[in-house]
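# Descriptive structure summary
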Amino acid sequence: MKFIICGGGTAGHVSPAIAIYEALKEERPEAEFLFVGRCGGAENRAYEATGERLITLSVSGISRKSLKKAAKGAISAIKSIRIAQSLIKAEKPDIIIGRVI
């Protein structure tokens, strides 16, 4: 079985992701895991500590104060969505675990 686990930004997202990973790993030691996080995100250290693969996406928040920054954030989000779609197609996971805001 193949899992993709996504989430990051805060411990409120990362800690549950790691807890889910640990429970699944104990239940299914033969399973394959792939973590997906944000480039430069604090979550990367926690994900790397598992010894599993990590792929990072270049995303940022969308500014509400600057139109230029908002456009840059939106373009980054669109690019990351396309990369994520390609990743899913290539990896063919059985289950994807993440938090959608």
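Below you will find a few notes about this structure. Computed from a predicted model, the values in this text were never measured in an experiment. (Residues numbered from 1 in each chain as written. Predicted model: local features only at pLDDT ≥ 70, side-chain atom pairs only at ≥ 80, totals over all residues. Heavy atoms only, no water.)

### Details of the overall build of the protein
- Across its full length, the protein carries 3 helices and 4 strands.
- N-terminal to C-terminal, the α/β element order of the protein is β-α-β-α-β-α-β.
- The C-alpha extent of the protein, read off along each of the three principal axes, is 45 × 30 × 20 Å.
- Considering the protein as a whole, with its 101 residues, one finds that 30% of them fall into the buried category.
- A separation of at least 24 residues holds for 52% of the contacts in the protein among residues at least 6 apart in sequence.
- When the accessible surface of the protein is summed, it comes to about 6900 Å², and 57% of that surface belongs to carbon and sulfur atoms. (Helix = DSSP H or I, 4+ residues; strand = E, 2+ residues; numbered from the N terminus. Buried < 20%, exposed > 50% of the residue type's maximum accessible area, 1.4 Å probe, protein only. Contact = heavy atoms within 4.5 Å. Areas by Shrake-Rupley, 256 points an atom, 1.4 Å probe, with all protein chains shown as cover.)

### Quick word on the pattern of salt bridges
- What the rule picks out here adds up to 4 salt bridges.
- Between K2 and E91 there is a salt bridge; the shortest N-O distance is 3.4 Å. A residue pair is termed long-range when its members are at least 10 positions apart, and K2 in strand β1 (residues 2-6) and E91 in helix α3 (residues 67-91) qualify at 89 residues. Considered together, K2 and E91 belong to a single accessibility category, that of buried residues.
- The salt bridge involving E91 is made with R53; its shortest N-O contact spans 2.7 Å. Of this pair, E91 sits in helix α3 while R53 sits in strand β3 (residues 53-57); the two residues are 38 residues apart in sequence, bridging distant segments of the chain.
- By relative accessible area, E91 is classed as buried at 14%.
- When salt bridges with common partners are traced through the structure, they connect K2, E32, R53 and E91 into a single cluster. (Salt bridge = Lys/Arg side-chain N within 4 Å of Asp/Glu carboxyl O.)

### Some thoughts on the sheet that holds β1
- Here 4 strands make up an open sheet; going across it, the order is β3-β2-β1-β4 and the pairing parallel. Two strands close off the open sheet at either side, each with one partner strand: β3 and β4 (95-97). Mean inter-strand twist for the sheet, computed between neighbouring axes without regard to direction, equals 20 degrees.
- With 3 bridges connecting them, β1 and β4 associate as parallel partners. Residue pairing in the sheet places F3 in a bridge with I95 of β4.
- This element, α3, spans β1, β2 (32-38), β3 and β4 of the sheet and lies at about 155 degrees to β3. (Pairing = 2+ DSSP bridges. Axes fitted to C-alpha atoms, helices over the stretch in contact; angles between N-to-C directions.)

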